[in-house]
Amino acid sequence: MAGMAGKPGTLELRTRISRVALEGREYRVIRPDRPEARMVLLDQDVWLGGYADRPAIKQLVTLWALAAGSPRSLVYVPMRQNTTPCEGRKLDLVLAHHSVQFRPSRWTALRARLGTGAPHTVRIPDPGTPDLDYSRYWHRENRDFPFYDNAADTLFIAGSREAFRRDAVDLRKLLAATADCAPSEHACAELEAGRWPDFATRHGTPSRLHLQYEPTGW
């Protein structure tokens, strides 16, 4: 499980790392050793719906922060096997720095070769809940946005370090909001591909990921 480690401001997560050779190239794939069970990602046509309890949101904060600091890796989150409280096509998740230039069409073959992977514990800075500087957000030359695509029942999010860091902060704010949240209260985070009206998606992938705190109904 992801959480605050002994050192303040640090997130820790036990992972599995696989190195897979495919089409003349080696890919490094990092995935949680124990993905949280109460976490699901659904394609609900108009948007992508994510539902997670508090431990799952905590793990997602760590995985987004890991993607921000791992420009040569794919961060894989298997969750299609999980129970869902809502309807929709269940998806796994892959986060990748855009410099990896990973083509989703390769994912089926790569996923089949992952094996068990080597155990490894990652320790990364907690993104915290700072107020980010959005002064450049609407500038035409700004390209620090996530890009969404899908293949093989998997959502692929590619982006820059800044794009993943910004989303990690939004997820950390959601986690903080759930600390005193009653089961009947609504808490969520809205993550988007690009900015209106230029959303960056392919193959009919919805441009908005609505991640909702869901402590019950599993």
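Residues numbered from 1 in each chain as written. Predicted model: local features only at pLDDT ≥ 70, side-chain atom pairs only at ≥ 80, totals over all residues. Heavy atoms only, no water.

Student: Sorry, what's going on with the overall build of the protein here?
Tutor: Helices and strands together make up the secondary structure of the protein, namely 3 helices and 12 strands. Taking all 218 residues of the protein together, the buried fraction comes to 50%. When contacts within the protein are restricted to residue pairs at least 6 apart in sequence, long-range pairs at least 24 apart make up 69% of them. Carbon together with sulfur atoms contributes 48% to the accessible area of the protein, which is approximately 10800 Å² in total. (Helix = DSSP H or I, 4+ residues; strand = E, 2+ residues; numbered from the N terminus. Buried < 20%, exposed > 50% of the residue type's maximum accessible area, 1.4 Å probe, protein only. Contact = heavy atoms within 4.5 Å. Areas by Shrake-Rupley, 256 points an atom, 1.4 Å probe, with all protein chains shown as cover.)

Student: Any chance you could explain the nonpolar core here in plain terms?
Tutor: A general feature of soluble globular proteins is that nonpolar side chains tend to end up buried together. Ranked by size, the top nonpolar core spans 42 residues in total, and within it Trp-64 and Leu-93 carry the most contacts. Per-element accounting of this core gives the leading share, 10 residues, to helix α1 (residues 54-68). Apart from the residues lying within four places of it in its own chain, the contact partners of Trp-64 are Leu-93, Leu-95, Ile-157, Phe-164, Asp-167, Ala-168, Leu-171, Leu-191 and Leu-209. With 14 residues, the next largest nonpolar core counts Val-20, Leu-22, Trp-107 and Leu-110 among its residues. (Core = buried A, V, L, I, M, F, W, Y, C linked by side-chain atoms within 4.5 Å.)

Student: I keep staring at α1 and nothing clicks. Help me out?
Tutor: In an α-helix, one full turn covers 3.6 residues, which means residues spaced three or four apart are oriented alike. Taking 1.5 Å as the rise per residue, α1 with 15 residues should run 21 Å; its terminal C-alpha atoms sit 21 Å apart, in good agreement. Among the 15 residues of α1, 12 are classified as buried, and the element is accordingly described as predominantly covered. Three or more residues of α1 are buried, namely Ala-56, Ile-57, Gln-59, Leu-60, Val-61, Thr-62, Leu-63, Trp-64, Ala-65, Leu-66, Ala-67 and Ala-68. Where α1 begins, the capping side chain belongs to Asp-53, and its oxygen is found 3.1 Å from the backbone nitrogen of Ala-56. (Expected span 1.5 Å × (residues − 1). Polar contact = N/O pair within 3.5 Å; in protein donor to acceptor, adjacent residues only side chain to side chain.)

Student: So what exactly am I meant to see when it comes to the side chain of Asp-92 here?
Tutor: Assignment of secondary structure puts Asp-92 in strand β7 (residues 89-97). A polar atom in the side chain of Asp-92 sits 2.8 Å from the backbone nitrogen of Arg-80.

Student: When you look at the confidence of the model for the protein in this model, what are you seeing that I'm missing?
Tutor: Low pLDDT marks regions whose predicted coordinates should not be analysed in detail. Averaged over the protein, the pLDDT score is 90; the fraction of residues at 70 or greater is 90%. Taken as a whole, residues 1-8 scores under 50 in pLDDT and shows 21 contacts with residues more than four places along the chain or in a different chain. (pLDDT = per-residue confidence, 0-100.)

Student: Help me out: how do you make sense of the environment of Leu-93 in this one?
Tutor: Along the chain, the position of Leu-93 falls in strand β7. Once residues within four sequence positions are removed from consideration, Leu-93 is found in contact with Leu-41, Trp-64, Val-75, Tyr-76, Val-77, Met-79, Thr-154, Leu-155 and Ile-157.

Student: Help me understand the pattern of salt bridges in this model?
Tutor: Any two side chains of opposite charge can pair, so long as their charged atoms come close to each other. Tallied over the full model, the rule gives 14 salt bridges. Across the salt bridge formed by Arg-89 and Asp-153, the nearest N and O atoms sit 2.9 Å from each other. Here the residue Arg-89 occupies a position in strand β7, and Asp-153 occupies one in the loop between β9 (147-151) and β10 (154-159), the gap between them amounting to 64 residues. When its relative accessible area of 33% is taken as the criterion, Arg-89 is described as partly exposed. (Salt bridge = Lys/Arg side-chain N within 4 Å of Asp/Glu carboxyl O.)

Student: Sorry, what's going on with the packing of aromatic side chains here?
Tutor: For any pair of aromatic rings, geometry is given as the distance between the ring centres together with the angle between the planes. Overall, the coordinates contain 5 aromatic pairs when judged by the stated rule. Between Tyr-27 and Phe-102, the ring centres sit 5.3 Å apart and the planes meet at 85°, which makes this aromatic pair edge-to-face. Of this pair, Tyr-27 sits in strand β3 (residues 25-32) while Phe-102 sits in the loop between β7 and α2 (107-112), and the two are 75 residues apart along the sequence. We classify Tyr-27 as buried; its relative accessible area is 2%. Exposure remark for Phe-102: the relative accessible area of 13% places this residue in the buried category. For the ring pair Trp-107 and Phe-156, a centre distance of 6.0 Å and an interplane angle of 85° mean the geometry is edge-to-face. Of the two residues, Trp-107 sits in helix α2 while Phe-156 sits in strand β10, which places them 49 residues apart along the sequence. The same class applies to Trp-107 as to Phe-156, namely buried. (Phe/Tyr/Trp six-rings, centres within 6.5 Å; stacked < 30°, edge-to-face > 60°.)

Student: Got a minute to help me understand the pairing of β9 in this structure?
Tutor: In summary, the side chains of a regular strand alternate between the two faces of the sheet. Note that β9 and β10 share 5 bridges and pair antiparallel. Across the sheet, the residue bridging to Phe-147 is Ala-158, located in β10. Turn length for the β9-β10 hairpin, with the two strands adjacent in sequence and antiparallel, is 2 residues, and the turn residue Ala-152 shows positive phi of about 50°. (Pairing = 2+ DSSP bridges.)

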